[in-house]
Amino acid sequence: MKKCNQIVSFHKNKSKTVVKKALFFFILLASFTSGLMAQEGFEAGGWLATANYFGDLNTNMRLKRLGPAAGLGVRYNFNERICTKLSANIGQVQAYDSDSPNLYERARNLHFRSIVADAGLQLEFNFLPYIHGSKDQGWTPYLFAGLGVSYFNPKAELNGQWYELRTFGTEGQFKGEEYYTVSGGWVYGAGLKVDLSYEWSLNIDISARRLFTDYLDDVSTTYPDAGDVEDLRGEFASQFIDRSPELYKKDPSFFTRNNLEYPIGEQGRQRGNSRNNDTYVYFGVGLYYYFGNLKCPYEK
C-alpha cells in the first residue's frame with residue numbers, strides 16, 4: 001500500500017511538473033507573439049519586371065529573350081517574420097531553338113511566344129525582424145512559397161504571321177483533347193525588402209512559377225504522324241509539327257556536317273521531355289505602401 005501511494009505521489013508530482021512547464025511555455029509564447037503582433041497590417045503595391053521561360057525550348061537556362069512583365073500585390077503582415085501575399089501578374093515569355101548550343105535542338109528549329117497571366121497566394125518568411133519605420137530593422141531578405149494559377153496560349157510565327165499552336169494538335173492531339181491553357185503551379189522565390197520611409201518600401205525579388213503542365217511551349221512528348229494531323233486539321237496545321245525543313249532550306253549542310261538525320265520530325269521521335277514541366281520566372285522590383293498602425297516604441 002505504501003509503495004502504491006509512492007507511485008501515485010510520483011505521478012501527481014510529474015503531472016504538476018508537466019503542467020507547470022506547459023503553462024510556462026504558453027505564457028512565453030503568448031508574450032513572444034504579443035511582441036510580434038506590433039507589426040500587423042496590410043501593404044499594397046505594384047512592380048515591374050522581366051520574365052523568362054525554362055522548358056523544352058530552353059534546356060540550358062538561357063536568359064537571352066527576356067519579356068516585359070508587371071503585377072499588383074497585397075500583403076498582410078502577421079508579425080515581424082511572417083506574412084502572406086496575394087498577387088496578380090502578366091508578362092510575355094518566349095524561346096527559340098535557334099539560340100540553343102545543342103545541335104539537335106537547333107535542328108529541331110521550334111519556337112514559341114506566349115502571354116502569361118497568373119494569380120498566386122504565397123507565405124513569406126523574413127530572415128530578420130522587419131519593422132516598418134525602424135532605423136535598425138527596416139530591411140530583410142525573405143523567402144516565399146505558395147500556389148498559383150496561370151493562363152498561357154503559345155503561338156508560333158510562319159511567313160510573318162503568328163498562329164495559336166494549340167489548335168493545330170502539333171503532337172497528335174485529337175479534337176477536343178487538346179491541352180488546357182490554364183494550369184495550377186507552385187509559386188516560390190526569394191527577395192529583399194528595404195524601407196524607404198515608414199509607409200513606403202522597396203521589394204526586389206525573383207519569383208518562379210513551376211506549372212503542373214508541360215505545354216506552356218506546346219512541346220512535351222513525341223512527333224506524331226504528320227499525315228494523320230493533316231487529315232484531321234489540314235495541311236497548314238501540319239507545317240507547325242516539324243520546322244526542321246525550314247532550316248534545311250536555309251542551310252542544307254547543317255545536318256550533314258553535324259551528323260544529324262533529316263528530317264527531324266519522324267513519327268515517335270522525341271520532340272520534348274514530358275517528365276519536366278515548364279517554368280517561368282519574374283525578376284522584379286516593386287514599390288509597396290504600408291497601411292498598418294505601428295505601436296510605439298518601434299525603433300530598436
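What counts, and where the lines are drawn
- Residues numbered from 1 in each chain as written.
- Predicted model: local features only at pLDDT ≥ 70, side-chain atom pairs only at ≥ 80, totals over all residues.
- Heavy atoms only, no water.
- Core = buried A, V, L, I, M, F, W, Y, C linked by side-chain atoms within 4.5 Å.
- Buried < 20%, exposed > 50% of the residue type's maximum accessible area, 1.4 Å probe, protein only.
- Helix = DSSP H or I, 4+ residues; strand = E, 2+ residues; numbered from the N terminus.
- Contact = heavy atoms within 4.5 Å.
- Pairing = 2+ DSSP bridges.
- Salt bridge = Lys/Arg side-chain N within 4 Å of Asp/Glu carboxyl O.
- Phe/Tyr/Trp six-rings, centres within 6.5 Å; stacked < 30°, edge-to-face > 60°.
- Lys NZ or Arg CZ within 6 Å of the ring centre and 35° of its normal.
- Polar contact = N/O pair within 3.5 Å; in protein donor to acceptor, adjacent residues only side chain to side chain.
- pLDDT = per-residue confidence, 0-100.
- Patch = residues over 30% accessible without salt bridge, like charges linked within 9 Å, V, L, I, M, F, W, Y side chains within 5 Å.
- Areas by Shrake-Rupley, 256 points an atom, 1.4 Å probe, with all protein chains shown as cover.
- Lys, Arg positive; Asp, Glu negative; His and termini not counted.
- Charge placed at Lys NZ, Arg CZ, Asp CG, Glu CD.

Student: Which parts of the structure should I look at to understand the nonpolar core?
Tutor: It is characteristic of soluble globular proteins that their nonpolar side chains tend to be buried jointly. Core analysis: the biggest nonpolar cluster contains 26 residues, and Val 93, Phe 112, Leu 216 and Tyr 282 have the highest contact counts within it. Within the residue set of this core, elements represented by two or more residues are strand E1 (41-54), strand E3 (82-96), strand E4 (111-126), strand E6 (155-158) and strand E10 (279-290). Residue contributions to this core peak at four residues, all from E1. Val 93 has contacts with Ala 51, Asn 52, Tyr 53, Phe 112, Arg 113, Ser 114, Val 116, Leu 216 and Tyr 280, leaving out every residue within four places of it along the chain. Val 229, Ile 241, Leu 247 and Phe 254 belong to the second-largest nonpolar core, a separate cluster that totals eight residues.

Student: Teacher, can you tell me more about the pairing of E4 here?
Tutor: Put simply, side chains in a regular strand alternate between the two faces of the sheet. Bridge count between E3 and E4: 15 bridges; the pairing is antiparallel. Each bridged residue has a counterpart across the sheet, and for Gly 91 the counterpart in E4 is Val 116. Summarising the sheet, E4 and strand E5 (residues 139-151) pair through ten bridges and their orientation is antiparallel. Paired with Asp 118 across the strands is Ser 150, a residue of E5.

Student: Looking at this structure, I do not really get the pattern of salt bridges. What am I missing?
Tutor: Where charged atoms of side chains with opposite charge meet at close range, the side chains can pair. According to the stated counting rule, one finds 13 salt bridges in the structure shown. We note a salt bridge from Asp 99 to Lys 64, for which the minimum N-O separation is 3.4 Å. Of this pair, Asp 99 sits in the loop between E3 and helix H2 (103-108) while Lys 64 sits in the loop between E1 and strand E2 (67-77), and the two are 35 residues apart along the sequence. Here Arg 75 ties to Glu 124 by a salt bridge, and the two come within 2.9 Å at their closest N and O atoms. Residue Arg 75 is located in strand E2, and its partner Glu 124 is located in strand E4; the two are separated by 49 residues in the primary sequence. Through salt bridges with shared partners, a single ionic network connects Glu 43, Arg 75, Glu 124 and Lys 193.

Student: How should the packing of aromatic side chains be read in this particular structure?
Tutor: Pairs of aromatic rings are described using the distance from one ring centre to the other and the angle between the two planes. Applying the stated criterion to the full structure yields 22 aromatic pairs. For the pair Trp 186 and Phe 212, a centre-to-centre distance of 5.9 Å together with 80° between the ring planes defines the contact as edge-to-face. Of the two residues, Trp 186 sits in strand E8 (residues 182-195) while Phe 212 sits in the loop between strand E9 (200-211) and helix H3 (226-233), which places them 26 residues apart along the sequence. Here Tyr 248 and Phe 255 contribute two aromatic rings whose centre-to-centre distance is 6.0 Å and whose plane-to-plane angle is 50°, an arrangement assigned as tilted. By way of ring pairs, the aromatic residues Tyr 163, Phe 168, Phe 236 and Phe 240 are connected into one cluster. A cation over an aromatic ring shows up here: Arg 75 above the ring of Tyr 288, its NZ or CZ 5.0 Å from the ring centre. Over the ring of Tyr 142 we find Lys 193; its NZ or CZ atom is 4.8 Å from the centre of that ring.

Student: Please clarify how the side chain of Asn 52 should be interpreted in this entry.
Tutor: Along the chain, Asn 52 turns up in strand E1. Of the polar contacts made by the side chain of Asn 52, one reaches the backbone oxygen of Arg 62; its length is 3.0 Å. In contact with Asn 52, not counting residues within four places along its chain, are Asn 58, Arg 62, Leu 63, Arg 65, Leu 66, Val 93, Thr 279, Tyr 280, Val 281 and Phe 283.

Student: How do you make sense of the confidence of the model for the protein when you look at a structure like this?
Tutor: As a note on interpretation, predicted positions should not be read in detail where pLDDT is low. Averaged over the protein, the pLDDT score is 88; the fraction of residues at 70 or greater is 84%. When the criterion is pLDDT under 50, residues 1-38 qualifies, and its contacts beyond four places in sequence or with other chains add up to nine contacts.

Student: Explain the environment of Met 61 to me, please; I cannot follow it from the model alone.
Tutor: Among the secondary structure elements, Met 61 is positioned in the loop between E1 and E2. Once the C-alpha coordinates of Met 61 and Ser 100 are considered, the two residues, 39 residues apart in sequence, prove to be 9.9 Å apart.

Student: What am I meant to see in unusual backbone geometry here?
Tutor: Trans is the common state for peptide bonds, and a negative phi is the common state for residues other than glycine. Note that the residue after Tyr 262, namely Pro 263, is joined by a cis bond; omega there is 0°. Checked against the element boundaries, Pro 263 lands in the loop between helix H6 (253-257) and E10. With phi around 65°, Asn 109 is a residue other than glycine that occupies positive phi space. Along the chain, Asn 109 turns up in the loop between H2 and E4. Taking relative accessible area as the criterion, Asn 109 reaches 17% and is therefore assigned buried. In this structure, Asn 159 takes a positive phi of about 55° despite not being glycine.

Student: So what exactly am I meant to see when it comes to the pairing of E9 here?
Tutor: Pairing between E8 and E9: eleven bridges, direction antiparallel. Paired with Gly 191 across the bridge in E9 is Asp 205. Counting the residues between successive antiparallel strands, the hairpin from E8 to E9 contains four residues. One ladder, built from eleven bridges, connects E9 with E10; its direction is antiparallel. Bridge pairing links Arg 210 to Thr 279 in E10.

Student: So what exactly am I meant to see when it comes to a negative patch on the surface here?
Tutor: On the surface, Asp 228, Glu 230, Asp 231 and Glu 235 cluster together into a negatively charged patch. Sort the elements by how many residues they give to the negative patch and H3 lands first, with three residues. You can see Asp 228 is positioned in helix H3.

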